[in-house]
Amino acid sequence: MNDLERRWARLVEAASRATVPDQKPAAPDWVSRMARQGLAVRTAPVPRSPERLAWAGLAAVAAAAASAVLLWPGPIAAASEALAAHASALPRALPRAPHLPPEARPTLPPARDALAALSRWPELTVDLPSTSRRTETP
């Protein structure tokens with residue numbers, strides 16, 4: 001008995017023992033068929049063709065990019081210099097921000113006074129937090 005047959009026998013035995021108490025046991029031919037299918041899937045080699053194809057495509061793109069840089073450096077360099085010049089001229093092309101008059105910032109009332117004023121509104125039904133800094137312990 002080779003290793004594959006021994007593993008298959010163990011799998012069939014384990015599958016026939018693993019039954020739910022409320023259900024009737026599975027038929028032996030069904031258990032055998034499921035065990036063979038599971039074992040065939042586990043022992044089948046995994047195809048790797050999509051990964052090889054992806055690496056080949058990546059190598060082709062890299063080779064094309066390298067040849068473009070090496071064979072046509074003039075147009076690529078001119079395009080990159082033009083992009084850099086446009087990017088560096090962009091701050092000078094925008095209008096300057098207007099200077100605002102230096103007015104005094106409006107002062108806001110203290111938080112305690114604002115919460116006290118809000119608590120006097122009859123329309124406001126929100127329970128606001130206490131403004132006391134004291135911690136009350138039971």
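About the cut-offs
- Residues numbered from 1 in each chain as written.
- Predicted model: local features only at pLDDT ≥ 70, side-chain atom pairs only at ≥ 80, totals over all residues.
- Heavy atoms only, no water.
- Helix = DSSP H or I, 4+ residues; strand = E, 2+ residues; numbered from the N terminus.
- Buried < 20%, exposed > 50% of the residue type's maximum accessible area, 1.4 Å probe, protein only.
- Areas by Shrake-Rupley, 256 points an atom, 1.4 Å probe, with all protein chains shown as cover.
- Salt bridge = Lys/Arg side-chain N within 4 Å of Asp/Glu carboxyl O.
- Axes fitted to C-alpha atoms, helices over the stretch in contact; angles between N-to-C directions.
- Parallel < 35°, antiparallel > 145°, perpendicular 65-115°, else oblique.
- Left-handed = near helix turned anticlockwise from the far one by under 90°.
- Contact = heavy atoms within 4.5 Å.
- Nonpolar A, V, L, I, M, F, W, Y, C, P; charged D, E, K, R; others polar.
- Patch = residues over 30% accessible without salt bridge, like charges linked within 9 Å, V, L, I, M, F, W, Y side chains within 5 Å.
- pLDDT = per-residue confidence, 0-100.

(A) Structural context of the overall build of the protein chain. When you go through the protein chain residue by residue, the secondary structure sums to five helices and zero strands. Along the protein chain, from the amino end to the carboxyl end, the secondary structure elements read α-α-α-α-α. Burial statistics for the protein chain: of 138 residues in total, 4% are counted as buried. As presented, the protein chain carries roughly 12,900 Å² of accessible surface, and 64% of it is formed by carbon and sulfur atoms.

(B) Structural view of the pattern of salt bridges. Tallying each qualifying case throughout the model produces one salt bridge. Between Arg 6 and Asp 3 there is a salt bridge whose closest N-O contact spans 3.2 Å. Placement of both Arg 6 and Asp 3 in helix α1 (residues 3-17) is noted, with a separation of three residues, approximately one turn of the helix.

(C) Looking closely at the packing of α1 against helix α2 (residues 28-43). Where α1 meets α2, the closest approach of the two axes is 9 Å, and the angle between their N-to-C directions is 130°. Considering their axes alone, α1 and α2 lie oblique with respect to each other. As for how α1 packs across α2, the hand of that crossing is right-handed. Residues Leu 4, Arg 7, Trp 8, Leu 11, Val 12, Ala 15 and Ser 16 of α1 lie in contact with α2, whose contacting residues are Val 31, Ser 32, Ala 35, Arg 36, Leu 39, Arg 42 and Thr 43. Here the residues of the contact of α1 with α2 are counted per class, giving eight nonpolar, three polar and three charged.

(D) Region of interest: a nonpolar patch on the surface. On the surface, a cluster of nonpolar side chains totalling about 570 Å² of accessible area is made up of Val 69, Leu 70, Leu 71, Trp 72 and Ile 76. In terms of residues, the nonpolar patch owes the most to one element, helix α3 (residues 49-71), which gives three residues. Mapped onto the elements, Leu 70 comes out in helix α3.

(E) Highlighting the confidence of the model for the protein chain. Within the protein chain, residue pLDDT values average 78, and 80% of them lie at 70 or more. Per-element averaging of pLDDT across the protein chain places helix α5 (residues 111-119) at the bottom with 79 and α3 at the top with 87.

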